[in-house]
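Structural features, examined
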Amino acid sequence: MDITTLRTFLAAAATGSFAGAAQRVNASPSSVTERIKQLENRLGTQLFVRDRRGCQLTSGGRKFVGPAQQAVRAWEYAQHDVALPERFSRSISFGGQYFLWDGLLMDWLAVVRAQLPDLALRTTAGARARLNRDLAEGVLDIVVLHDPVFRRDIGAEPLFDDQLILVAGCNPAQWRENYVRIDWGRALDVEIASRLDIAPQAGLVLDLGSRSAQWLMRQEMAGYMPAKVVQPMIDDGRLAIVEDAPRFEFPAYVCWRRDLDPELVTEVVTSLRSCIV
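The present account deals with the structure reproduced in this document. Computed from a predicted structure; not experimentally measured.

Before going further, it helps to examine the overall build of the chain. Secondary structure assignment for the chain yields 10 helices and 13 strands. With the principal axes as the frame, the chain shows a C-alpha extent of 65 × 50 × 30 Å. In the chain, 72% of the contacts between residues at least 6 apart in sequence involve partners at least 24 apart. On the chain, roughly 14,400 Å² of surface is accessible, and the fraction owed to carbon and sulfur atoms is 49%. Averaging the positions of the 32 positive and the 34 negative side-chain charges in the chain gives two centres separated by 8 Å.

Within this structure, the stated rule accounts for 12 salt bridges. In this structure, the salt-bridge partner of Asp-134 is Arg-133, at a minimum N-O distance of 3.5 Å. Overall, Asp-134 belongs to the buried group, its relative accessible area being 7%. Judged by its relative accessible area of 28%, Arg-133 is partly exposed.

With 58 residues, the main nonpolar core has Tyr-224 and Val-230 as its most contacted residues. The next biggest cluster of nonpolar side chains, apart from the first, holds 19 residues, and it includes Leu-10, Ala-22, Ile-36 and Phe-64.

Now for the pairing of strand E10 (residues 222-226). Counting buried residues along E10, 5 of its 5 residues qualify, which places the element largely inside the surrounding structure. By the alternation rule, side chains of E10 split into Ala-222, Tyr-224 and Pro-226 and Gly-223 and Met-225, which are all buried.

Turning to the layout of surface pockets, a few remarks are in order. For the largest pocket, the calculated volume is near 370 Å³. What lines the largest pocket is a set of 14 residues, and nearest its centre among them are Gly-103, Leu-104, Phe-160, Lys-228 and Val-229. Broken down by secondary-structure element, the contributors of at least two residues to the lining of the largest pocket are helix H5 (104-115) and helix H9 (227-235). Across the lining of the largest pocket, the residue classes tally to 8 nonpolar, 2 polar and 4 charged. Looking at the second largest pocket, its volume works out to about 260 Å³. Lining the second largest pocket we find 14 residues, and of these Ala-14, Arg-133, Ala-136, Glu-137 and Arg-151 sit closest to its centre. Elements supplying a minimum of two residues to the lining of the second largest pocket: helix H1 (3-15), helix H4 (59-81) and helix H6 (128-136).

On to the packing of H1 against helix H3 (residues 29-43), then. At their nearest, the axes of H1 and H3 sit 9 Å apart, and the two run at 105 degrees to each other. Of the possible angle classes, the one that applies to H1 and H3 is roughly perpendicular. Across from Thr-4, Thr-5, Leu-6, Thr-8 and Phe-9 in H1, the residues of H3 making contact are Val-32, Arg-35, Ile-36 and Leu-39. In the contact of H1 with H3, the residues fall into 5 nonpolar, 3 polar and 1 charged.

This part covers the side chain of Thr-8. Among the structural elements, Thr-8 can be located in helix H1. Of the polar contacts made by the side chain of Thr-8, one reaches the backbone oxygen of Thr-4; its length is 2.8 Å.

For the coordinates displayed, the defined rule picks out 10 aromatic pairs. Here Phe-99 and Trp-184 contribute two aromatic rings whose centre-to-centre distance is 5.5 Å and whose plane-to-plane angle is 80 degrees, an arrangement assigned as edge-to-face. Taken together, the residues Phe-99 in the loop between strand E3 (90-97) and H5 and Trp-184 in the loop between strand E8 (181-182) and helix H7 (186-196) connect sequence positions 85 residues apart. Relative to Tyr-179, the ring of Trp-175 has its centre 6.0 Å away and its plane inclined at 80 degrees; by these criteria the two rings are edge-to-face. When sorted by exposure, Trp-175 lands in the same class as Tyr-179, which is buried. Within the aromatic cluster, the residues linked to one another by ring pairs are Phe-9, Phe-18, Phe-48 and Phe-64.

Scoring rules and cut-offs
- Residues numbered from 1 in each chain as written.
- Predicted model: local features only at pLDDT ≥ 70, side-chain atom pairs only at ≥ 80, totals over all residues.
- Heavy atoms only, no water.
- Helix = DSSP H or I, 4+ residues; strand = E, 2+ residues; numbered from the N terminus.
- Contact = heavy atoms within 4.5 Å.
- Areas by Shrake-Rupley, 256 points an atom, 1.4 Å probe, with all protein chains shown as cover.
- Lys, Arg positive; Asp, Glu negative; His and termini not counted.
- Charge placed at Lys NZ, Arg CZ, Asp CG, Glu CD.
- Salt bridge = Lys/Arg side-chain N within 4 Å of Asp/Glu carboxyl O.
- Buried < 20%, exposed > 50% of the residue type's maximum accessible area, 1.4 Å probe, protein only.
- Core = buried A, V, L, I, M, F, W, Y, C linked by side-chain atoms within 4.5 Å.
- 1 Å grid on protein atoms, 1.4 Å probe; cavity = no way out; pocket = protein on both sides within 12 Å on 5 of 7 lines; lining within 4 Å.
- Points joined across faces, edges and corners; volume = space filled by probe spheres on them.
- Nonpolar A, V, L, I, M, F, W, Y, C, P; charged D, E, K, R; others polar.
- Axes fitted to C-alpha atoms, helices over the stretch in contact; angles between N-to-C directions.
- Parallel < 35°, antiparallel > 145°, perpendicular 65-115°, else oblique.
- Polar contact = N/O pair within 3.5 Å; in protein donor to acceptor, adjacent residues only side chain to side chain.
- Phe/Tyr/Trp six-rings, centres within 6.5 Å; stacked < 30°, edge-to-face > 60°.

Read these as layout, nothing more, since geometry by itself doesn't imply function.
Below is the structure:
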């Protein structure tokens, strides 16, 4: 039983589709079908029920998700640890949303290396959807992001508060004609749309993290951005706040796998909090 097959199984379980799994693991749909068939033969049980809408886990499939995640995670650890110098006794895989690396997480990386010299880190930046998925599938151990997916096997706590505010690179009074939707998560997208009662005119959705602010400035557009990200641009006059627009709470969370060493989680979270200003 190889790790590629287990990753394929987990991808199919997460997407509910062999076609979706094929895209995620970069394989053909026929390869996914063959891998799942071989896995079912080895386990002696059916893992999925397939129909035109996709695939659903059987009872046996649901039971196998946990062991498969543990096996993939153990392999990830092994790959990481075998090449580590002897001075490192612990290791984690850590992820953060792209725009959070611009300030907080870059500062934290220097702090945690100084505070926990025995801890080896493998770090990555990503969009919240990938970070949530990789945390659930055991590819990542700890993530910092907005809009987490709360699960029983994932611990989470708020890390810092922020707000989404409407800012404009144009005349703030003309924001309605220049409004562009910036994707900050499905729930917030719905809330913003209902509160503004406006349809974006640009025919464009941005999911570029802090780079969305650059677009607003260069193209003289308006959109919602995290206050902590755009405050320097507001201070120097490159962006202006639309004062009468509603604001939306936008907290950041630190999330971790519950099977991670609790003492290690506490140390990492404490180091993160020490970098918040």
